[in-house]
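Summary of the model geometry
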Amino acid sequence: MIDSHSHLFAEEFKDDLEECIERCKENNVNKIILVGFSKETNREAQRLSKLYPIFYPTAGVHPCDANKDYLEQFAELKEFIKENKVYAIGECGLDYYWDTTFKEEQKKLFKLQCELAIENALPVIVHMRDATKDAYDILKEYSGKLKAVMHCYSGSSDMALEFLKLGYYISLGGPVTFKNAKEPKKVATIVPLDRLLIETDCPYLAPTPNRGKRNESSYVKLVCQEIASLRGLSFEEVERATEDNTIRLFKLDR
Ligand code: NI
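In this report, the structure presented in the accompanying data block is examined.

Rules and cut-offs
Residues numbered from 1 in each chain as written. Predicted model: local features only at pLDDT ≥ 70, side-chain atom pairs only at ≥ 80, totals over all residues. Heavy atoms only, no water. Donors = N, O, S within 2.8 Å, 3.2 Å for Na, K, Ca; no water. Tetrahedral: all angles 85-135°; square planar, octahedral: opposite > 155°, others 65-115°. Helix = DSSP H or I, 4+ residues; strand = E, 2+ residues; numbered from the N terminus. Buried < 20%, exposed > 50% of the residue type's maximum accessible area, 1.4 Å probe, protein only. Axes fitted to C-alpha atoms, helices over the stretch in contact; angles between N-to-C directions. Left-handed = near helix turned anticlockwise from the far one by under 90°. Contact = heavy atoms within 4.5 Å. Nonpolar A, V, L, I, M, F, W, Y, C, P; charged D, E, K, R; others polar. Pairing = 2+ DSSP bridges. Phe/Tyr/Trp six-rings, centres within 6.5 Å; stacked < 30°, edge-to-face > 60°. Lys NZ or Arg CZ within 6 Å of the ring centre and 35° of its normal.

A look at the coordination of the nickel ion
Bound to the nickel ion on the protein side are His5 (NE2), His7 (NE2), Glu91 (OE) and Asp201 (OD), at distances that span 2.1 to 2.3 Å. Because the angles between the 4 donor atoms bound to the nickel ion fall within 85 to 176°, the donor set is best described as irregular. Taken in sequence order, the residues that donate to the nickel ion follow the motif H-x1-H-x83-E-x109-D. Of this pair, His5 sits in strand 1 (residues 2-6) while Glu91 sits in strand 4 (residues 89-95), and the two are 86 residues apart along the sequence. The buried category is assigned to His5, whose relative accessible area is 0%.

Have a look at this one:
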């Protein structure tokens with residue numbers, strides 16, 4: 001299995017990162033996309049990837065950090081990816097849940113990162129929260145040229161089909177295992193098997209039965225299990241398909 005979205009550089013893992021990696025290996029999680037979202041975390045993702053070959057680093061600027069300085073932040077990212085090997089741009093995107101003060105800056109910063117990804121033949125990891133319409137409009141502009149995954153997708157199943165039509169991937173995390181998560185469970189059954197990814201987004205959103213506790217990459221197994229049971233497939237079928245998709249999207253070595 002591959003955890004297609006993890007933040008194992010977080011403070012929460014500073015005392016037991018190596019044990020977390022060990023638990024991944026024990027649970028057959030052999031690759032982890034280590035997702036940066038700021039100057040500091042982009043660097044951390046690089047540093048840890050050099051120490052532990054299980055990690056594949058990315059770099060991006062999170063929409064919650066968009067402000068008047070967005071052009072400077074983007075210039076820094078552009079320099080950073082010239083000097084460092086990354087497997088994707090992001091996470092980046094739109095987030096109107098926390099704050100809408102810099103809506104316009106968020107949109108511009110997201111577009112710049114999509115264009116940077118196209119120029120460098122990299123996929124984009126999309127963070128979208130309470131911003132489905134605007135994210136859709138932007139991603140529609142780049143359809144056919146851009147590769148992208150809607151990370152920890154929490155939108156409607158109808159909109160999931162629209163993002164799929166544009167050619168993008170859908171990734172599901174812990175919420176698909178939550179008892180009352182009707183919509184994510186529906187999404188899990190309608191995404192074609194060749195467009196589905198699994199993730200943890202750890203340390204957040206731990207799947208059942210660890211809900212509310214610290215999440216970690218080995219728990220991606222619980223997400224895989226739930227999707228398999230929802231679709232009436234074997235664990236191995238979902239494991240193999242999501243692994244193939246992640247390798248294809250991020251151009252990982254086998
Ligand atoms: Ni994330």
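Observations regarding the packing of helix 6 (residues 157-165) against helix 7 (residues 182-190)
For the pair helix 6 and helix 7, the least separation of the axes is 9 Å and the interaxial angle reads 35°. The crossing of helix 6 and helix 7 is right-handed. In contact with Ser157, Ala160 and Leu161 of helix 6, helix 7 contributes Glu183, Lys186, Val187 and Ile190. The class makeup of the residues in the contact of helix 6 with helix 7 is 4 nonpolar, 1 polar and 2 charged.

Thoughts on the sheet that holds strand 2 (residues 31-34)
Here we have 3 strands laid out as an open sheet, ordered 1-2-3, and parallel in their pairing. Two strands close off the open sheet at either side, each with one partner strand: strand 1 and strand 3 (55-57). For this sheet, the mean inter-axis angle between neighbouring strands, taken without regard to orientation, is 20°. The pairing of strand 1 with strand 2 spans 3 bridges and is classified as parallel. Each residue of the ladder has a partner; that of Ile2, found in strand 2, is Lys31.

Observations regarding the packing of aromatic side chains
Overall, the coordinates contain 6 aromatic pairs when judged by the stated rule. Ring centres 4.9 Å apart and planes at 90° place the aromatic pair Tyr97 and Trp98 in the edge-to-face group. A residue is classified by how much of its surface remains accessible, and Tyr97, at 42% relative accessible area, is partly exposed. Ring geometry for Tyr153 versus Phe163: centroids 6.2 Å apart, planes at 70°, classification edge-to-face. Placement of the pair is Tyr153 in the loop between strand 6 (148-150) and helix 6 and Phe163 in helix 6, with a sequence separation of 10 residues. Assessed through its relative accessible area of 5%, Tyr153 is described here as buried. Since its relative accessible area comes to 0%, Phe163 is described here as buried. Here the aromatic cluster, defined as three or more aromatic residues joined through ring pairs, consists of Tyr136, Tyr153 and Phe163. The side chain of Lys103 reaches across the aromatic face of Tyr96, ending 4.8 Å from its centre.

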